[in-house]
Each structure stands twice: as structure tokens, then as C-alpha cells.
Amino acid sequence: MNRRDFIKKTMQTTAAVVGTAALSRVAVAAKEREKQKMKILVLTGSPRKNGNSNTLADSFIKGATEAGHEVVRFDSAFKNVHPCIACNSCGMDGPCVFKDDFEFVRDNIVTADAVVFATPMYYFGISAQLKAVIDRFYAINGKIHRPKKAMLLMTYANTAASQAKPIESHYKVLLDYLGWQDAGQVIASGVWQAGAVNGTPYVEQAYKLGKSL
Ligand SMILES: Cc1cc2nc3c(=O)[nH]c(=O)nc-3n(C[C@H](O)[C@H](O)[C@H](O)COP(=O)(O)O)c2cc1C
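Residues numbered from 1 in each chain as written. Predicted model: local features only at pLDDT ≥ 70, side-chain atom pairs only at ≥ 80, totals over all residues.

Enquirer: Sorry, what's going on with the environment of Phe104 here?
Expert: In this fold, Phe104 is placed in helix 3 (residues 102-109). Spatially, the C-alpha atom of Phe104 lies 9.8 Å from that of Val72, the residues being 32 residues apart in sequence. (Helix = DSSP H or I, 4+ residues; strand = E, 2+ residues; numbered from the N terminus.)

Enquirer: I tried to follow helix 6 (residues 165-178) on my own but got confused; where do I start?
Expert: An α-helix turns once per 3.6 residues; consequently, residues spaced three or four apart project the same way. Over its 14 residues, helix 6 runs 20 Å from end to end, which matches the ideal 20 Å to within 8%, given 1.5 Å per residue. Looking one or two residues beyond helix 6, the residue adopting positive phi is Gly179, at roughly 75°. (Expected span 1.5 Å × (residues − 1).)

Enquirer: I tried to follow unusual backbone geometry on my own but got confused; where do I start?
Expert: Backbone phi values are negative for most residues with the exception of glycine, while trans is the configuration of most peptide bonds. Notably, Ala86 is not glycine yet its phi reads approximately 55°, a positive angle. Its location among the elements puts Ala86 in the loop between strand 2 (70-75) and helix 3. Of note, Asn88 is a non-glycine position whose phi angle comes to about 65°, a positive value. With respect to the secondary-structure elements, Asn88 resides in the loop between strand 2 and helix 3. Judged by the 12 C-beta atoms lying within 10 Å of it, Asn88 falls in the exposed class. (Buried ≥ 20, exposed ≤ 12 C-beta atoms within 10 Å, placed from the backbone.)

Enquirer: Please explain the nonpolar core as it appears in this structure.
Expert: A general tendency of soluble globular proteins is for nonpolar side chains to be buried together. Ranked by internal contacts, the top residues of the largest apolar core, which has 45 residues, are Leu43, Leu56, Phe60, Val116 and Leu153. Ranked by the residues each element gives to this core, the list is headed by strand 3 (residues 114-122), at 6 residues. Among residues more than four places away in sequence, those in contact with Val116 are Ile40, Val42, Leu43, Phe60, Met151 and Leu153. (Core = buried A, V, L, I, M, F, W, Y, C linked by C-beta atoms within 7 Å. Contact = placed C-beta atoms within 7 Å.)

Enquirer: Sorry, what's going on with the site of the ligand here?
Expert: In the neighbourhood of the ligand, 19 residues make up the surrounding shell, with Ser46, Gly51, Ser53, Pro120 and Asn158 lying closest. Partitioned by chemical class, the residues of the shell around the ligand number 10 nonpolar, 8 polar and 1 charged. (Near = placed C-beta within 6 Å. Nonpolar A, V, L, I, M, F, W, Y, C, P; charged D, E, K, R; others polar.)

Enquirer: Hey, could you run me through helix 2 (residues 52-66) in this one?
Expert: Between its terminal C-alpha atoms helix 2 stretches 21 Å, which fits the 21 Å expected from 15 residues at 1.5 Å a residue. The element helix 2 is largely enclosed, with a buried count of 11 among its 15 residues. Buried within helix 2 are the following residues: Asn52, Ser53, Asn54, Thr55, Leu56, Ala57, Ser59, Phe60, Ile61, Gly63 and Ala64. Gly68, located one to two residues past helix 2, shows a positive phi value of around 95°.

Enquirer: How should the packing of helix 2 against helix 7 (residues 201-212) be read in this particular structure?
Expert: Each pair of packed helices can be summarised by the angle the axes make with each other and by the distance between the axes. Relative orientation of the contacting elements helix 2 and helix 7 amounts to 35°, with a least axis distance of 6 Å. Crossing of helix 2 against helix 7: the hand is right-handed. Across the interface between the two elements, Thr55, Leu56, Ser59, Phe60, Ile61, Lys62, Gly63, Ala64 and Glu66 of helix 2 pack against Tyr202, Val203, Ala206, Tyr207, Lys208, Leu209, Gly210 and Lys211 of helix 7. A class-by-class count of the residues in the contact of helix 2 with helix 7 yields 9 nonpolar, 4 polar and 4 charged. (Axes fitted to C-alpha atoms, helices over the stretch in contact; angles between N-to-C directions. Left-handed = near helix turned anticlockwise from the far one by under 90°.)

Enquirer: Please explain the pairing of strand 1 (residues 39-44) as it appears in this structure.
Expert: Moving residue by residue along a regular strand, the side chains alternate between the two faces of the sheet. Counting buried positions along strand 1 gives 5 out of 6 residues, so the element sits mostly inside the fold. Direction of pairing for strand 1 relative to strand 2: parallel, over a ladder of 6 bridges. Across the sheet, the residue bridging to Leu43 is Phe74, located in strand 2. In the classification by handedness, the crossover that spans strand 1, the intervening helix 2 and the parallel strand 2 is right-handed. The sheet contact formed by strand 1 and strand 3 spans 5 bridges and is parallel. Bridge assignment links Ile40 to a residue of strand 3, and that residue is Ala114. (Pairing = 2+ DSSP bridges. Right-handed = clockwise from strand over helix to strand, strands pointing away.)

The following block contains the structure:
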């Protein structure tokens with residue numbers, strides 16, 4: 001082989017090796033992304049469609065969707081979810097006597113990698129609409145003690161951080177019980193009217209939380 005052919009051959013081989021390595025890096029990166037893609041169930045609790053907690057939920061979902069995650073949303077206040085009546089027919093891990101919209105939560109929460117609770121503060125607690133959904137976890141209790149991430153988006157009118165404590169501690173105890181891990185919280189104080197949260201840093205915080213997953 002003359003010198004010219006030798007150089008040509010060497011360059012072709014190098015290009016092929018580099019090309020293969022680059023291709024496999026792309027394949028690995030794609031696989032990694034696919035592996036990290038999460039299913040996120042967002043449970044909202046406000047009856048105000050354009051209210052503050054729904055705005056935070058929208059922003060979170062935008063970020064999470066842009067990050068490539070699958071998001072499913074359940075707007076409790078616009079669904080038919082009967083409160084638990086403690087009949088114990090489910091035995092904490094079986095069919096519920098009520099065949100209502102909770103079926104959607106049942107179908108999606110078990111396979112979700114992360115669950116988001118987006119709620120207004122109502123008398124220092126989670127809204128009744130969202131609480132009714134959480135109480136119905138009773139019927140799937142045996143299926144949801146699995147590692148999951150969880151997040152809290154909460155809005156309230158007062159500005160005292162101490163008044164957020166009951167919801168924060170409810171959320172924490174619930175997670176400890178279920179074995180879920182807190183992945184972030186946005187606690188928006190001082191927002192009363194629907195839309196008051198717009199223009200505050202909380203909206204961006206919710207977006208970044210979704211994007212960071
Ligand atoms: C029934 C009810 C109870 C409320 N209780 C509280 C409360 O205990 N503390 C507080 O700071 N704000 C309270 N608020 C105000 C809401 O938490 C606040 O307006 C919140 O931003 C509403 O969120 P949303 O727009 O997502 O519905 C209450 C509002 C309603 C309608």
C-alpha cells in the first residue's frame with residue numbers, strides 16, 4: 001500500500017470508529033432519557049378553574065411535559081368522588097362500593113412514579129374536594145405503599161408561614177406512611193383572589209419543579 005492509500009484507509013477506519021462511538025453515545029443517551037421518563041399524576045383540589053393552585057399545577061405540568069414526562073391530571077373539584085363511608089368492603093385493597101370518577105385515580109396512581117397534590121388552603125387544611133380523593137386511597141392502600149416521589153403545591157391568603165404548617169405536616173406524615181419521597185413544595189402565601197398568584201415567583205417555582213424532575 002502506498003503512503004496515500006495508507007492515509008486514506010486510516011482516516012476511513014478512524015471515521016468509522018468515531019462514528020460508531022458517537023452513535024452508541026446517542027443510543028445510550030436516548031435510553032437514559034427513556035429510563036428517566038416518569039409518569040406523574042397531578043391531583044388538584046380547587047373549584048376555581050383559573051384559581052391559584054390550578055395556575056401552579058398548570059405551570060408545573062408545563063415544566064414536567066417539557067422535561068419529557070407523561071402527566072395525567074385529575075381535577076377533583078370537577079369530578080364525582082364520593083367520600084369514603086368506612087364500610088370496609090374494600091378491605092383496604094379491593095373494589096370500592098362506589099363506582100365513580102375515583103376509578104381514574106385507581107387506574108393511574110399505582111403506575112405513577114410521582115404524585116402531585118395541588119390544593120388551596122381551606123380552614124388550615126387541604127380542600128375537601130382533594131381530601132375526599134385522598135381518603136379513597138383507603139381502597140388501594142395495599143397497592144400504593146411503593147416508592148414514589150411526591151410534590152405539594154399549596155396556595156393561601158394569609159402571609160403567616162405558621163398557618164401553612166398543618167398542611168405541610170399532613171403532607172409529610174402521609175408521605176412517611178406511604179413510603180413516598182418529597183421531591184419539592186411550592187407554598188404560595190398571600191394569594192387570595194383567583195389569579196393573584198400570577199406575576200409572583202411561585203409560578204416560576206412550580207415550572208422549575210416540573211422541569212427539574
Ligand atoms: C372555604 C375557604 C376557606 C379558606 N380558608 C383559608 C385559610 O384557612 N387560610 C388562608 O390563608 N386562606 C384561606 N382561604 C383562601 C384561599 O386559601 C386562597 O384564596 C387560595 O389562594 C385559593 O386557592 P385557589 O385559587 O386555587 O382556589 C380560604 C378560602 C375558602 C374559599
